[in-house]
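Coordinates in review
Chain residues, written in single-letter form:
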Amino acid sequence: MSKPVRAVGIEIAGVNLSYGTTHVLKNVDLSVRPGELFAFLGPSGCGKTTLLRLIAGFAQAETGRVLLDGRDVAPLPPWKRDVGMVFQSYALWPHMTVAKNVAFGLEERRLPRAEIDRRVAEALDLVGLSDYAGRRPAQLSGGQQQRVAVARTIAIEPKVLLLDEPLSNLDAKMRVSVRRELRALQQRLGLTTIFVTHDQEEANTICDRIAVMDAGTVRQVGTPMELYENPANLFVASFLGSANILGDGDGIPVPAGKRLVFRPQHATLSSIDGVPLRGPVTHREFLGATVRYNVQVGGSEILVETPFQSGGELRTVGDMVGVALPPERMLYLPA
Amino acid sequence: MIRLFTLAVGLTLALVLAAGAAFAQTGKVTVVTSFSKDVTDPLKKAFEKAVPGATLEVQNRNTNAGVKFLEETKANNQVDLFWASAPDAFEVLKGKKLLSPYKPKATGIAEKVGSYPVNDRDGFYSGFAASGYGIMWNERYVKANKLPTPKEWQDLATAPYFDHVSISAPSRSGTTHLTIETILQGEGWDKGWRTTKEISGNLRQVTDRSFGVPEAVNSGQVGYGIVIDFFAFSSQGAGFPVKFVYPSVTTLVPANVGIVANAPNKAGAEAFIEFLLSPVGQEALLEPTIRRLPIRQETYAKAPADYPNPFKDKNLHGLLTFNAELSESRNAAVDTLFDQLITFQLEPLKAATKVLHEVDAALAKKDNAQARALAKEARDLIAAMPITAAQAASPEIRAAFTGGKEKSARQAELEQQWAAFAKEKYAAAKAKADEALKLAR
Amino acid sequence: MALAGTRSAGQATLALAIALFLGVFLVVPVATVVYVAFTEKGGGGLTLVNFLDFARTDLFVRSFWNSVYVSAMTVVWASALALPLAYLTTRFEFRGAMLVQTLGFLPLVMPPFVGAVAMQLLFGRNGSVNLLLDEWLGIKIGFMEGLNGVIFLQAIHYFPFILVNLSAALRNIDRAMEEAAQNLGSHGLRLFRRIALPLALPGFIAGASLVFVKVFDDVATPLLLNVKEMLAPQAYLRITSIGIDDPMGYVISVVLIGVAVATMWASALVLKGKDYATTQRGGGGLARRKLKPRESALAYAVVILILTLVLAPHVGLLLLSFATVWSYSPLPDGYTLAHYARVLGDSSGYIKNTLLYSSLAAGIDVVIGGAIAYLVLRTKLPGRQWLDWAASTALAVPGVVLGIGYLRAFYGVKMPDGTPLAALWIVIVLAIAIRRLPYALRAAYAALQQISVSLEEAAENLGATKARTVRRIVIPLMTGGLLAGFVTSFATAAVELSAVLILVQSNSDAPLAYGLYVLMQTPAGRGAGAALGVIAVVLVAICMGLAQLAADRSQRARGLDI
């Protein structure tokens, strides 16, 4: 298990899925490359968990296909897919010890006892919980429980690993360390992994690529940097980091059906002379490394973040300012 | 929660008070009875018509529960009359001083029905009707299983009847107790128990309610039942395919009524007794759903043609004079013996009886003296009794049941002794019978 | 801490009020009866010799083991009936799941006497099934013979307790628990055995222990099958036989109560620290799996088979109520409406009384059961556990003992006009309420356990007092559970007979079960009794349906997941 497995790719093509009258997934196309740590990112209710459950076999698509290593998995029930899933609630069985939990999947595969024992020990060792084998889940901390859930899943050496909001039940400090551990583990195993989250920071920091989802559709797929630098639409632009969105009539002409989008840190405050965007400062926040200004421009409020320099001059609320914008930072995205 | 609780308590109290206010009434005669609705409803109607202003409030309880009820509520008795068949229940009530004596004014009442005196000699209760015991059977059952039609009690002890007969336990049914007691008095203690056990060896079941027997026969779950006549007649009246016969020697048992001690409406109670004994009341007994035997001879003139008449029919006369004192003296012992030797040992008893039937069949084909002797030994073992007639009525045994000082053993100890006795004898009898069967074949 | 002081003062008052209620209407009446068990007959001081006699009497020892055997086997068979229904209706997309759950409750509502007669006519030695088997195959099966017959009838009668508890437990399991197992390669029966069943164990044990105790203490079914060598019938026969005024009947009653308390205690012990369902986080509603056509056909076949079996008594009852004569034949000779005509005329009083008594009794049960559950689960009052134990003991007190106890304790108490307290119909209500209290109590427990304490803490944090929190938060959230308790108490109270039979003082105060008993003691009353029985079942079913409707509506109005 500690040796890298042969990584497999996942293809999702033309998937539609409804619960009753709710259209949960709409024409989803995705391709996850072998060995990749891939994130489904989006607000709650966007369909990301449903898509994950579809891959695991807990949901049935009305149209479209899910290919695992080039093979259509539609006819396979969940227990024949070899797709390891870590549940948001961890779903550790309270009536079994940690070791029993980890051994479960191996027992279901009718492996010899000796091999089961060896692989349970290995998996627990991998997550650093060898000393807790005899405990019950209720006796463990949240982080430990999460690691048991991971150990339980990787013990069966799945083809791919699915993580459903694996960090949401942990406190802020734990999250940072656990997500690094997860990344390290994934790299060591070379396991194709899908990571569902609503937290862009989690996705950005550890994932190779991200699919940003909204209302059942995939809005854009790319590396974290690509998505940030070149969002394909307003949703992606505003979901990843903050973005100023201006329409026509706010000072700069915008082509019909488009919006002007730019990041707050790409704009600078200037004098009002000769700048199309200008207005009074309505609010100022000191964030440490930067200072954030709200500037009322026409009908819109624009955020501008400027680096803070000790002794630097700050604008005050009420000052009339101009908002200067390098043209290469101006994106025109479809409305 | 507290407020809700207070509300509930308050509501409860209010209901208690409202119920209390609605309870007081006059002219109401309250009667505890084991008689069914079929019997009480017409008599209630007739009584309320005959005595204007009176209402009859019927509390239906089986005999035993009725006695228990009067006993538990004697401190504040609200019941005027106890109305049931079994004379021994009245004896028990009398013994516990729960009845008050009353001499009916009605004249023209027979002193005896069959062999049984109609009225309590101490005047605590009065007979108002009689019923006879007999055998009831389901025609469809008998036909389907190609079984014979019985005529006499002894028939029920023969092989074809094995596992087809039902009876209620004498400890649970006053009238069955009376039947057993009559057999014991008529044939003597040892012979009487032998007969009882021979019939019992063929039993399918011993029910704990009198009505359990006709119920099982009516629905065809058993073929034959030893029942009081009106159960059979009213079953026929309801359309069930059943027949009934009085064996040539039968017991007639009176149905009684007595005034409860400290009755709240003693005058009303007396009026009801007088009504029951009056010609009108006696005639009401002829109704098909009631079907009791009146104790006024002249009433029979108005009865249908085939109505049994104890004043005329020979087989209803009985062969002996029933000794109520003797019966009372060993009441509990007889009931307990039946339970411990028969009801709770029915399986071993039947096992031995079954083999004996087979021996008889084999001997009928080919006689074998040794086998015959062994079979007789087996029958004697079955018939053996743990105590004699004298012991059954002795103060030592009686005290075991009443808790008196003279007792030689506690009731539970006696029961265990008797049960162990029966178990051992029946096992031995079965062994002998098995041996006999081997020889006979 | 003035606030804490008043708070516990209120709780203490409530606890004392309940203790008083249980003391007056349960402990004292029962004590007046069972103390006889500790005295030697004919007076004398306290003694344990009667218990020695019990152990030395073969009949009692045999009866004891027979009862243990029958109760245990009933649990096994009742589980076999309940498991498929519970699992299929909670885990799969199953049309009519609601109907199955409702019909599955009906066997509990079986009127006394007439139900057994109907079963004899269907499954008895010469019942429909055996007559047909005999004709076709020349064999007969002893469904109703001896101890196995008792097990057969009891399993059918009491399996709803397991069904209801097990279904609730299965519904409460976080769906991720089973999905995780599937994800790791488990499915089908193995999945059920290794994950679902262990997790639902608390619910199962709650139901199973209830069934065990009820069967152990049941008198009616064994006696109607003429099985007397069981403990409860032995107690009943001794207590109600004239002439045999023996302490042994009460000794057996004490043993029965002891066994019931021990069973409850043992099940609590087994469940200690195993209340999984309530400790889980996250998850969500249950994802029901789709059945493949072949699986679906099999599932429906199993469900229909089980329902046919458990509803057979009701079918028999219905046939009997329309039958002219039904004797030694697979079906009645003819059909008539006469029985209904006969009972409809004079049973409106019975129906009114039954509705009044049952709803009052069930109301008392829900209030007291809810209060006890609250005191035990949410307060730290010393001795609060005793309230629970005392109330649960009611499960084991034979009806006849309670009835006699009421006569003894309350007949001497006179109302202002001289009527004894025990002669009032409200006493019947109280007796029924006490006998059905354990059902409502268990339901209230389950309901309260599922409510997170944090919801109450939030309310208190926002300034609500304890009492207002209970009224505005706890009770609304418990509504579903309390209603379930009400329905169980109500439905079973409507057919209660044993205590009623002793306490009924006049026909005008009698409930339906009593009228039915009276009818069933006459040959001509069989059909009429069956008709009355059908009316009772329909009545209860309608009330259950209405309660269910009200519960659904209130749950939906609150936006709660049903």
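Before going further, it helps to examine the overall build of chain C. The helix and strand inventory of chain C stands at 25 helices and 0 strands. By the compact-globule yardstick of 24 Å for 562 residues, chain C fits well, its C-alpha radius of gyration being 24 Å. The principal-axis extent of the C-alpha atoms belonging to chain C is close to 65 × 65 × 50 Å. Within chain C, the proportion of its 562 residues that are buried is 57%. Put simply, of all contacts in chain C between residues at least 6 apart along the chain, 78% involve residues at least 24 apart.

Moving on to the overall build of chain B. From N to C terminus, chain B includes 18 helices and 13 strands. Against the 2.2 N^0.38 benchmark of 22 Å for 441 residues, chain B shows a C-alpha radius of gyration of 24 Å, consistent with a compact globule. The principal-axis extent of the C-alpha atoms belonging to chain B is close to 80 × 65 × 45 Å. Taken over 441 residues, chain B has a buried fraction of 54%. Contacts in chain B between residues far apart in sequence, at least 24 positions, make up 78% of those at least 6 positions apart.

Generally speaking, soluble globular proteins have nonpolar side chains that are buried together. Membership of the largest hydrophobic core comes to 425 residues, with the highest contact counts inside it found for B:Leu81, C:Leu256 and C:Val427. Sorting elements by how many residues they give to this core places helix α20 (residues 425–449) of chain C first, with 20 residues. What B:Leu81 contacts, discounting residues up to four positions off in sequence, is B:Val29, B:Val31, B:Val257, B:Gly258, B:Ile259, B:Val260, B:Ala269 and B:Phe272.

Let us look at the interface of chain C and chain B. Often the size quoted for an interface is simply the accessible area lost on bringing the parts together. On the side of chain B, 74 residues touch chain C, which itself brings 69 residues to the contact. Sorting elements by how many residues they give to the side of chain C that touches chain B places helix α17 (residues 348–378) of chain C first, with 6 residues. Taken together, the residues of the side of chain C that touches chain B break down into 34 nonpolar, 24 polar and 11 charged.

Before going further, it helps to spend a moment on the pairing of strand β6 (residues 83–86) of chain A. Residue and element names in this part refer to chain A. Going residue by residue along β6, you find Val83 and Met85 tucked away on one face and Gly84 and Val86 tucked away on the opposite face as well. Where β6 meets strand β7 (residues 160–164), 4 bridges bridge the pair, whose relative direction is parallel. Its bridge partner lying in β7, Val83 is registered against Val160.

The next thing to look at is the packing of helix α14 (residues 346–365) of chain B against helix α18 (residues 411–440) of chain B. Residues and elements named next belong to chain B. One can describe the packing of α14 onto α18 by two numbers: an axis separation of 8 Å at closest approach and a directional angle of 20°. Judged by the inter-axis angle, α14 sits roughly parallel to α18. Between α14 and α18 lies a crossing of left-handed hand. Note on element contacts: α18 touches α14 through Lys423, Tyr426, Ala427, Ala429, Lys430, Ala433, Asp434, Ala436, Leu437 and Ala440, opposite Pro348, Leu349, Ala351, Ala352, Val355, Leu356, Glu358, Val359, Ala362 and Leu363.

This part is about the interface of chain A and chain C. Facing the 22 residues of chain A at the interface are 22 residues of chain C. For the side of chain A that touches chain C, the elements supplying multiple residues, two or more each, are β6 and α2 (98–108) of chain A. Residue composition of the side of chain A that touches chain C, by class: 14 nonpolar, 5 polar and 3 charged.

This next bit is on the domain arrangement of chain B. Residues and elements named next belong to chain B. Domain parsing of chain B yields domain 1 (2–130 + 254–316) and domain 2 (132–251 + 324–440). Taking only C-alpha atoms into account, the centre of domain 1 sits 31 Å from that of domain 2. Each partner contributes residues to the interface: domain 1 has 17 residues there, and domain 2 has 18 residues. For the side of domain 1 that touches domain 2, the elements supplying multiple residues, two or more each, are α3 (63–72) and α4 (87–95). Considering every element that reaches the side of domain 1 that touches domain 2, the biggest residue donor is α4, with 4 residues. A per-class count over the side of domain 1 that touches domain 2 returns 6 nonpolar, 6 polar and 5 charged.

All right, on to the arrangement of the chains then. There are 2 pairs of chains in contact here, and the one with the most contacts is chains B and C. Looking at chain A next to chain B, you find no contact at all, with the nearest C-alpha pair sitting 33 Å apart.

Our next topic: helix α4 (residues 142–154) of chain A. In an α-helix, one full turn covers 3.6 residues, which means residues spaced three or four apart are oriented alike. Residue and element names in this part refer to chain A. When the terminal C-alpha atoms of α4 are compared, their 19 Å separation across 13 residues agrees well with the 18 Å that a helix rising 1.5 Å per residue should span. Across the 13 residues of α4, 10 count as buried, placing the element largely inside the fold. Taken together, the buried positions of α4 are Gln145, Gln146, Arg147, Val148, Ala149, Val150, Ala151, Arg152, Thr153 and Ile154. Those residues of α4 hidden inside the fold are in contact with β6, α2, α3 (113–126), β7 and α5 (172–189).

On to the domain arrangement of chain C, then. Residue and element names in this part refer to chain C. By the assigned domains, chain C splits into domain 1 (7–40 + 356–510) and domain 2 (67–229 + 289–336). The straight-line distance from the C-alpha centre of domain 1 to that of domain 2 is 29 Å. Elements with a minimum of two residues in the side of domain 1 that touches domain 2: α20 and α22 (466–493). Classifying every residue of the side of domain 1 that touches domain 2 by side-chain character gives 8 nonpolar, 2 polar and 1 charged.

Moving on, we get to α14(B). Residues and elements named next belong to chain B. In this model α14 runs 29 Å from its N-terminal to its C-terminal C-alpha over 20 residues, within 8% of the 28 Å that 1.5 Å per residue would give. Those residues of α14 lying buried are Leu346, Leu349, Ala352, Thr353, Val355, Leu356 and Val359. Along its buried surface, α14 packs onto α7 (189–200), β9 (203–207), α15 (369–383) and α18.

Residue and element names in this part refer to chain B. Across the 5 residues of strand β10 (residues 224–228), 5 count as buried, placing the element largely inside the fold. Because side chains alternate across β10, one face comprises the buried residues Tyr224, Ile226 and Ile228, and the other comprises Gly225 and Val227, equally buried. In this structure, strand β7 (residues 126–138) lies alongside β10, joined through 5 bridges in antiparallel fashion. Each residue of the ladder has a partner; that of Trp137, found in β10, is Tyr224.

All names here are of chain A. If you trace the 6 strands from one edge of the open sheet to the other, you get β6-β7-β8-β3-β9-β10, paired in mixed fashion. The open sheet is flanked by β6 and β10 (217–222), the only strands paired with a single partner. Here the strands of the sheet are splayed against their neighbours by 20° on average, with no regard to which way each runs. Sheet strands in contact with helix α1 (residues 48–56) are β3 (37–41), β6, β7, β8 (192–197) and β9 (209–214), and its direction is about 150° off that of β7. Those strands touched by α4 are β6 and β7, and its axis lies near 175° from that of β6.

Keep in mind that most residues, glycine aside, have a negative phi and that most peptide bonds are trans. Residues and elements named next belong to chain B. Backbone geometry at Asp163 places phi at a positive 70°, although glycine is not the residue there. Inspection of the secondary structure assignment puts Asp163 in the loop between α5 (139–144) and β8 (165–168). By the C-beta count within 10 Å, which is 15 here, Asp163 ends up partly exposed.

Should the pLDDT be low somewhere, the predicted coordinates at that spot are not to be read in detail. Residue and element names in this part refer to chain C. For chain C, per-residue confidence averages 83 on the pLDDT scale, and 93% of positions sit at 70 or higher. At the level of individual helices and strands, chain C shows its lowest average pLDDT in helix α13 (residues 276–279), which scores 48, and its highest in helix α3 (residues 58–91), which scores 93. Taken together, the stretch residues 1–5 has pLDDT below 50 and engages in 0 contacts with residues farther than four places along the chain or on a different chain. Scored below 50 in pLDDT, residues 277–286 makes 23 contacts in the model with residues more than four places away or belonging to other chains. Interface predicted TM-score (ipTM) for the complex: 0.83; the corresponding pTM is 0.84.

On to the packing of helix α19 (residues 399–410) of chain C against α20(C). All names here are of chain C. Closest axis-to-axis distance for the α19/α20 pair is 11 Å, and the angle between their directions is 140°. Considered as vectors, α19 and α20 are oriented oblique to each other. The element α19 and its partner α20 pack so that their crossing is right-handed. Note on element contacts: α20 touches α19 through Val427, Ala431, Ile434 and Arg435, opposite Gly399, Leu402, Gly403, Tyr406 and Phe410.

Another point: the sheet that holds strand β18 (residues 331–334) of chain A. Residue and element names in this part refer to chain A. Strand order across the open sheet formed by 3 strands is β11-β12-β18, with antiparallel pairing between neighbours. Edge positions in the open sheet fall to β11 (244–246) and β18, since each of these has one partner strand only. Within this sheet the neighbouring strands show an average axis-to-axis angle of 35°, counted without direction.

So, about the environment of A:Asp82. All names here are of chain A. Turning to its location among the elements, Asp82 is positioned in the loop between β5 (71–72) and β6. You can call Asp82 buried: it has 20 C-beta atoms within 10 Å. Sequence separation between Asp82 and Leu68 is 14 residues; the distance between their C-alpha atoms is 10.0 Å.

What follows covers the environment of C:Phe212. Residue and element names in this part refer to chain C. Mapped onto the fold, Phe212 is located in helix α9 (residues 188–217). Of the residues examined, Phe212 has 26 C-beta atoms within 10 Å and is grouped as buried. Measuring from C-alpha to C-alpha, the distance between Phe212 and Ala72 comes to 6.5 Å, with 140 residues separating the pair along the chain. Leaving out residues up to four positions away in the same chain, Phe212 has contacts with Ser71, Val75 and Thr263.

Rules and cut-offs
- Residues numbered from 1 in each chain as written.
- Chains lettered and ligands numbered in written order.
- Predicted model: local features only at pLDDT ≥ 70, side-chain atom pairs only at ≥ 80, totals over all residues.
- Helix = DSSP H or I, 4+ residues; strand = E, 2+ residues; numbered from the N terminus.
- Rg over C-alpha atoms; globule rule 2.2 N^0.38 Å.
- Buried ≥ 20, exposed ≤ 12 C-beta atoms within 10 Å, placed from the backbone.
- Contact = placed C-beta atoms within 7 Å.
- Core = buried A, V, L, I, M, F, W, Y, C linked by C-beta atoms within 7 Å.
- Nonpolar A, V, L, I, M, F, W, Y, C, P; charged D, E, K, R; others polar.
- Pairing = 2+ DSSP bridges.
- Axes fitted to C-alpha atoms, helices over the stretch in contact; angles between N-to-C directions.
- Parallel < 35°, antiparallel > 145°, perpendicular 65-115°, else oblique.
- Left-handed = near helix turned anticlockwise from the far one by under 90°.
- Domains from an automatic or database assignment.
- Expected span 1.5 Å × (residues − 1).
- pLDDT = per-residue confidence, 0-100.

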